[in-house]
Protein chains: 2
Amino acid sequence: MFSKLKNIFIGRPLKSSDEGDEGNLLTKLQALAMLSSDALSSIAYGPEQVVLVLVSVSAGAIWWSLPIGIVVLILLASLTISYRQVIHAYPQGGGAYMVTTENLSPKAGLISGGSLLVDYMLTVAVSVSSGADAITSAIPALHPYNLHISIVLVLILMLMNLRGLRESAVSLMIPVYLFIASTVFLIGFGLLQLLLGNLSYHATAPIGKSISGVSLVLLLRAFTSGSASLTGVEAISNSVPFFKTPKAENAAKTLAIMAAILGFMFAGITFLNYWIGIVPVKGVTTLAQMAQTILGNSPIGRLLFYIFQLSTALILAVAANTGFSAFPMLSYNMAKNKYMPHMYMEKGARLGYSNGILTLAIGAILLLLIFNGNTERLIPLYTIGVFVPFALSQTGMVVHWRKQYGKHFLKYSVANILGAAICYTIVAILLLFRLRDIWPFFPIIIVLLWIFLSIKNHYNKVAKQLRLNEEIERVDYAGNLVLVLVGNVTRVSAGAMNYARSIGDEVIAMHVSTKETQEKDEEVASEFKQYFPDIQFVNVETSYRNIIRPTVQYVTKIARGAQKKGYTVTVLVPQFIPSHSWQNMLHNQMSLKLKYFLRWHENVVVASYSYHLKE
Amino acid sequence: MFSKLKNIFIGRPLKSSDEGDEGNLLTKLQALAMLSSDALSSIAYGPEQVVLVLVSVSAGAIWWSLPIGIVVLILLASLTISYRQVIHAYPQGGGAYMVTTENLSPKAGLISGGSLLVDYMLTVAVSVSSGADAITSAIPALHPYNLHISIVLVLILMLMNLRGLRESAVSLMIPVYLFIASTVFLIGFGLLQLLLGNLSYHATAPIGKSISGVSLVLLLRAFTSGSASLTGVEAISNSVPFFKTPKAENAAKTLAIMAAILGFMFAGITFLNYWIGIVPVKGVTTLAQMAQTILGNSPIGRLLFYIFQLSTALILAVAANTGFSAFPMLSYNMAKNKYMPHMYMEKGARLGYSNGILTLAIGAILLLLIFNGNTERLIPLYTIGVFVPFALSQTGMVVHWRKQYGKHFLKYSVANILGAAICYTIVAILLLFRLRDIWPFFPIIIVLLWIFLSIKNHYNKVAKQLRLNEEIERVDYAGNLVLVLVGNVTRVSAGAMNYARSIGDEVIAMHVSTKETQEKDEEVASEFKQYFPDIQFVNVETSYRNIIRPTVQYVTKIARGAQKKGYTVTVLVPQFIPSHSWQNMLHNQMSLKLKYFLRWHENVVVASYSYHLKE
């Protein structure tokens, strides 16, 4: 039954050869759609986060979002230059984990990898909760269900990815270009209205006004929140191999186009937000407020507003989906290096790395539950988790250039040094001024590092222990002892006895009797002797209600004796198999439990004899 | 590791004989503490529910809670008389399930049983969410975490019960008598203040004032909500055997005392609520508002208020706990009658019916999540779920008297006819006027009935199929074929081969190779032939990535051939066991999966050879 359900939700299994046609190469337009959603969608929450920090002092402080915005734009330009360099240096696609591992050290690579794993969970959580905000800003009646909407979005993405979502660029182009078009239209229309004098100046305070309570610390905090908009810029540099030739050139151009669009949208939204004088209110995002003000209340205006909110929600869903592509790939790579469990390397029925997809979905949902779907509290963690691996990978690039060009490396690594400097600065600001929000990052990373290293250590030990020597020991046993566990005397026991007689030189039937079932136990014993007079019957008495412990004890005893005689020991567990698998629920899982506990005993083979019911 | 964790949270396993001293008999004072929490705690939400329905029209309608309260008190008196009768008729303790099954029909019994199972979940959900309300009424800062508090309360109760909470009457006497004392004090003090003129009359409208919008339907709806306070009255009649002798007499007296206390508290709270003019507000229960008003804002008054809220929360937790005693017992009884899975009959390590406890906790948490911890929406369902089995069991009692006394049964069954009439009336009112709230009850009960009957049917079929005939078939096999699954050539395979050679007359090693692993597969084949030249090696090729399907197919083929020759077939799955159980996570669970799928194949014994790692 379970496998039927699985087929309905996940789809029929695919053959390995079905994978071929996924490798289509991307044009710039397609690549922009597939790789920029994470970066572009961040303008749905980035500018708002800056304003949120500023208004914690006073609404008048909002004008500071303009200079902060300019700094963010400068950083965006620098990061873009820096990542164009990465593209040319690692045309095979250099993720932060690989670049750091190769150029710095495996441990630094693990810090990168661990941060990114957590970060992809945060990407999903932040994107879906912002998406839910966009939906409930348009439909206020849904506001109490924000968290529910977020969780349902994660589950939908999970199912789609377990089905093996073909990321056909075409299907992704619609939401991404719809969002670009509607945002550019909104900003353009807003500026036009402004020039025509239809959008009056309502700023909470003029630029340059001194606001009491605005300190450098506050501005730095606001800046770090704004820098959340810079996340996702690296995506293109990780995916160079998927571009049409000339790969590096096309990728670099695409990155430049994306940065230009992102910069324009960030600047436009920050400016209009200031001009209109939008102050955050509960239940409606500042972006939605802005769209409402600019588009007005006419029927057409309302329609455009809904389209805009829908496109925002859609691109955020697509952005969350990038986490679902990236997390399983990264965990596959780390599992290949033996830092994560093998199960992350198993491809599922539909050729996706199902375990990675499930882990990501569970992690994101837990984050949503812990933070109550609150974007504002997730952002600082998200930012530190992004900029630590960025800083490391940019440093790695500098080392890379040094290795390649020796003394003259400086010429090549200017951009990366700039990028690294920016990332370290942001990390330092976060450490100094937002430690209260980001501290969980550090225990998490330390625990993850410890786990990665323990796993590697374990795999190495196991491999060493399993390796065969040149000479292998051939054991010729003197005979076989079969111990059959008997609960009741039924057709199952009859079949099991026949089998045991066939493989065993010695057969013992064992029954555990508890105090309460004494009467029934005597009946079992006499019935057994009547049907199987030739087989030794042992009744083990126990004062526990649980029959597992006495069984294991008796098996241990028997095994010790058999070993001395040079006999093998087989414990045969008879069981019946109902005609439908769901009916298993109705029967004691005692045989499963027994088998589980018996496997901990050495020199004992545990075998199941199954009798199949017809009805 | 898991078993260590289990020992920490659940405690070390107990022997069956440890159970003896649980059977201490109860004095009336102790019994009142143990059996009345459900009924008494309902005044924490019952009176409020009446008011909530009335104010949906207008605050002025609150005076109607007085006449409604009088009707509820009359019902309470009648139900008390009726249940005193039950006590004398079923001194062995007649739960609704047993009384209905015996006197009406097994199917009616299943309706009773099913309703009660759902109802115990609702008891837990309603009680913990009311308990959370009591806590957050006292500490408003916790208000946003109402649902979290409820769920944590359920989990705490679950763990306590899995540990095998010794319901020492002493430990339960504290919360119950604290609640009785503090509530009686509150009502007494309130009335005193009123007589002294310190508590002024603020009723929202005088008694008898005509309020537009008040209809008979509204009053009946309010009445059904108030009748939620009557739930729990039956608890004493189910537990007669636990009383000291004379059992029936003591139980009947205890019931009368409890009813008197409940009636006094219900009347007092309803009256003071009306006099003070309390209107429900969000975040503070009406009972907490009343306590605040009566006790005032002096430091002593605040302290008493906190004590009162604490005692309310405590008795509600104890009431929720009655669900945890009753649900596992009822499911045990139904499992014994084969209407529920056997697993509900297994006692856990600490002598509690763990599966029942877990099922109840999961059900209650699901209800809390579905209804967002909202007491108001759970109450109507709770009420129908209680009164349907009550009505059936009262009817059953009438039948019982008729069987016992023939024609003269009327004399004996007056009280039960009265009780049944009340219950049927309440059920009818619920059906007619609250169908929108209670409809889920019907599909749930129908589905449960169907499940119960299917389970019974299944168990009967299985028993028939397993029964041995007089003559049993003795099969003497011609030989044994052992098929060993080989993934890699390691020490595990070496041990498995030795064992296979010992029990098998014919040994085949089988390896599945997928397209992608071709190179590695060739290596495995050549290595195998080098180490085990005497054993036949079969390489099964597949185009699926999954190795389960081709393995099962090959095993099926081999089994068919062996059966013709009169051979047994054993599939040997070699596996290694890490030195710590948590390390299992790190290894492919392929052997488990294979064993699971192979068990569906008849005439094949599946055996595991375990190689134990030392480090």
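Here the structure is a predicted model, which is why all the values come from computation and not from measurement.

1. A look at the pairing of strand β4 (residues 567-577) of chain A
All names here are of chain A.
Here is step 1: With 10 of its 11 residues buried, β4 lies for the most part within the structure.
Here is step 2: Direction of pairing for strand β1 (residues 479-485) relative to β4: parallel, over a ladder of 6 bridges. Across the sheet, residue Val 484 finds its bridge partner in β4, namely Leu 572.
Here is step 3: Both β4 and strand β5 (residues 605-612) contribute to a ladder of 8 bridges, which runs parallel. In the strand pairing of β5, Leu 572 is matched with Ala 607.

2. Some thoughts on helix α10 (residues 216-226) of chain B
Here is step 1: With 8 of its 11 residues buried, α10(B) lies for the most part within the structure.
Here is step 2: If you check which residues of α10(B) are buried, you get B:Leu218, B:Leu219, B:Leu220, B:Ala222, B:Phe223, B:Thr224, B:Ser225 and B:Gly226.

3. Notes on the pattern of salt bridges
All names here are of chain A.
Here is step 1: Taken as a whole and judged by the stated rule, the model has 6 salt bridges over all chains.
Here is step 2: The closest approach of N and O atoms between Glu 506 and Lys 565, which form a salt bridge, is 2.9 Å. On the criterion of sequence distance, the pair formed by Glu 506 in strand β2 (residues 506-514) and Lys 565 in helix α21 (residues 548-565) is long-range, its members being 59 residues apart.
Here is step 3: A relative accessible area of 26% means that Glu 506 is categorised as partly exposed.
Here is step 4: The partly exposed category is assigned to Lys 565, whose relative accessible area is 46%.

4. Points about the sheet that holds strand β4 (residues 567-577) of chain B
Here is step 1: The sheet built from 10 strands is open, its strands ordered β3(A)-β2(A)-β1(A)-β4(A)-β5(A)-β5(B)-β4(B)-β1(B)-β2(B)-β3(B) with mixed pairing. With partners counted over all chains shown, the strands left at the sheet margins are β3 (536-542) of chain A together with β3 (536-542) of chain B, one partner each. Across the sheet, the axes of successive neighbouring strands diverge by a mean angle of 25°, strand direction being ignored.
Here is step 2: Relative to strand β2 (residues 506-514) of chain B, strand β1 (residues 479-485) of chain B runs parallel, the two being bridged by 5 bridges. Bridging across to β2(B), B:Leu485 finds its partner in B:Met510.
Here is step 3: Sheet strands in contact with helix α22 (residues 590-598) of chain A are β1, β4 and β5 of chain A, and its direction is about 160° off that of β4(A).
Here is step 4: Seen against the sheet, helix α22 (residues 590-598) of chain B touches β1, β4 and β5 (605-612) of chain B and runs at an angle of roughly 160° to β4(B).

5. Details of the interface of chain A and chain B
Here is step 1: Every contact between the two is made by 83 residues of chain A and, on the other side, 83 residues of chain B.
Here is step 2: Between the two partners, chain A and chain B, sit 0 salt bridges.
Here is step 3: Put simply, chain A and chain B have 14 residue pairs in polar contact (both at pLDDT 80 or more) between them.
Here is step 4: The set of elements that each furnish at least two residues to the side of chain A that touches chain B consists of α18 (441-466), β1, α19 (491-503), β4, α22 and β5 of chain A.
Here is step 5: Tallied by class, the residues present in the side of chain A that touches chain B amount to 36 nonpolar, 26 polar and 21 charged.
Here is step 6: In this structure, β5(A) lies alongside β5(B), joined through 3 bridges in antiparallel fashion. Among the inter-strand pairings, A:Val606 is bridged to a residue of β5(B), identified as B:Ser608.

6. Comments concerning a positive patch on the surface
Residues and elements named next belong to chain A.
Here is step 1: Positive charge collects at one region of the surface, where Lys 338, Lys 461, Lys 464 and Arg 467 lie side by side.
Here is step 2: Mapped onto the elements of the fold, Lys 338 is located in the loop between α13 (299-336) and α14 (354-370).
Here is step 3: Take Lys 338: its relative accessible area is 30%, and that puts it in the partly exposed class.

7. Description of the relation of the copies chain A and chain B
Here is step 1: For these two chains of identical sequence, chain A goes onto chain B by a turn of 180° and a shift of 0.2 Å along the axis, with RMSD 0.2 Å. As the rotation angle and translation indicate, the two copies are arranged about a two-fold axis. When C-alpha distances to the rotation axis are compared across chain A, the minimum falls at A:Ala607, with a value of 2.0 Å.

8. Observations concerning the environment of A:Ala44
All names here are of chain A.
Here is step 1: Of note, Ala 44 is situated in the loop between α3 (37-41) and α4 (46-55).
Here is step 2: For Ala 44, a relative accessible area of 9% gives the class buried.
Here is step 3: Sequence spacing of Ala 44 and Phe 528 is 484 residues, and the spatial spacing of their C-alpha atoms is 74 Å.
Here is step 4: Other than its neighbours up to four places away in sequence, Ala 44 contacts Leu 287, Thr 312 and Leu 316.

9. Some details on a nonpolar patch on the surface
All names here are of chain A.
Here is step 1: The grouping of Leu 178, Phe 185, Ile 300, Leu 303, Leu 304, Ile 307, Leu 310 and Leu 314 at the surface amounts to a nonpolar patch, some 680 Å² of accessible area in total.
Here is step 2: Breaking the nonpolar patch down by element, the ones donating at least two residues are α9 (169-195) and α13.
Here is step 3: In terms of residue count, the dominant contributor to the nonpolar patch is α13 (6 residues).
Here is step 4: Mapped onto the fold, Leu 178 is located in helix α9.
Here is step 5: We classify Leu 178 as partly exposed; its relative accessible area is 30%.

10. Remarks on the packing of aromatic side chains
Residues and elements named next belong to chain A.
Here is step 1: Inspection of the entire model under this criterion finds 26 aromatic pairs over all chains.
Here is step 2: On the basis of an interplanar angle of 65° and a centroid distance of 4.9 Å, the ring pair of Tyr 201 and Trp 275 is categorised as edge-to-face. Of this pair, Tyr 201 sits in the loop between α9 and α10 (216-226) while Trp 275 sits in helix α11 (residues 247-276), and the two are 74 residues apart along the sequence.
Here is step 3: Centre to centre, the rings of Trp 401 and Tyr 405 are 5.9 Å apart; their planes meet at 25°, and the pair counts as stacked. Highlighted residues: Trp 401 and Tyr 405, both in helix α15 (residues 375-405), separated by 4 residues, approximately one helical turn.
Here is step 4: Using a relative accessible area of 6% as the deciding quantity, one classes Trp 401 as buried.
Here is step 5: On the basis of relative accessibility, which here comes to 30%, the residue Tyr 405 falls in the partly exposed class.
Here is step 6: An aromatic cluster is present here, built from Tyr 201, Phe 271, Tyr 274 and Trp 275 joined pairwise through their rings.

11. A word on the domain arrangement of chain A
Here is step 1: Under the domain assignment used here, chain A contains domain 1 (32-460) and domain 2 (479-612).
Here is step 2: Between the C-alpha centres of domain 1 of chain A and domain 2 of chain A there is a distance of 59 Å.

12. Some thoughts on the environment of A:Phe597
Residue and element names in this part refer to chain A.
Here is step 1: Counting through the fold element by element, Phe 597 comes out in helix α22.
Here is step 2: The class for Phe 597 is partly exposed, based on a relative accessible area of 36%.
Here is step 3: If we ignore the near neighbours within four places in the chain, the residues touching Phe 597 are Ile 548 and Val 552.

13. Points about the side chain of A:Ser112
Residue and element names in this part refer to chain A.
Here is step 1: You can see Ser 112 is positioned in helix α7 (residues 106-138).
Here is step 2: A relative accessible area of 0% places Ser 112 in the buried class.
Here is step 3: Beyond its immediate sequence surroundings of up to four residues, Ser 112 is in contact with Ala 96, Tyr 97, Thr 100, Pro 389 and Leu 392.

14. Description of the packing of α11(A) against helix α12 (residues 286-295) of chain A
All names here are of chain A.
Here is step 1: In the contact formed by α11 and α12, the axes pass within 10 Å of each other and the chain directions differ by 70°. Compared by their axis directions, α11 and α12 come out roughly perpendicular. Every pair of crossing elements has a handedness; the one defined by α11 and α12 is left-handed. Where α11 abuts α12, its residues Ile 269, Leu 272, Asn 273 and Ile 276 lie against Thr 286, Leu 287, Met 290, Thr 293 and Ile 294.

15. Brief notes about the nonpolar core
Residue and element names in this part refer to chain A.
Here is step 1: Judged by nonpolar contacts, the single largest core of 141 residues is most densely connected at Leu 40, Val 154, Met 290, Phe 324, Met 334 and Phe 387.
Here is step 2: The dominant element in this core, judged by the number of residues it contributes, is α11, at 15 residues.
Here is step 3: With residues near it in sequence (within four places) discarded, Leu 40 still touches Val 176, Phe 179, Ile 180, Met 258, Ile 261, Leu 262, Met 265 and Ile 315.

Conventions used here
- Residues numbered from 1 in each chain as written.
- Chains lettered and ligands numbered in written order.
- Predicted model: local features only at pLDDT ≥ 70, side-chain atom pairs only at ≥ 80, totals over all residues.
- Heavy atoms only, no water.
- Buried < 20%, exposed > 50% of the residue type's maximum accessible area, 1.4 Å probe, protein only.
- Helix = DSSP H or I, 4+ residues; strand = E, 2+ residues; numbered from the N terminus.
- Pairing = 2+ DSSP bridges.
- Salt bridge = Lys/Arg side-chain N within 4 Å of Asp/Glu carboxyl O.
- Axes fitted to C-alpha atoms, helices over the stretch in contact; angles between N-to-C directions.
- Contact = heavy atoms within 4.5 Å.
- Polar contact = N/O pair within 3.5 Å; in protein donor to acceptor, adjacent residues only side chain to side chain.
- Nonpolar A, V, L, I, M, F, W, Y, C, P; charged D, E, K, R; others polar.
- Patch = residues over 30% accessible without salt bridge, like charges linked within 9 Å, V, L, I, M, F, W, Y side chains within 5 Å.
- Areas by Shrake-Rupley, 256 points an atom, 1.4 Å probe, with all protein chains shown as cover.
- Lys, Arg positive; Asp, Glu negative; His and termini not counted.
- Charge placed at Lys NZ, Arg CZ, Asp CG, Glu CD.
- Least-squares fit on C-alpha atoms with pLDDT ≥ 70 in both.
- Phe/Tyr/Trp six-rings, centres within 6.5 Å; stacked < 30°, edge-to-face > 60°.
- Domains from an automatic or database assignment.
- Parallel < 35°, antiparallel > 145°, perpendicular 65-115°, else oblique.
- Left-handed = near helix turned anticlockwise from the far one by under 90°.
- Core = buried A, V, L, I, M, F, W, Y, C linked by side-chain atoms within 4.5 Å.

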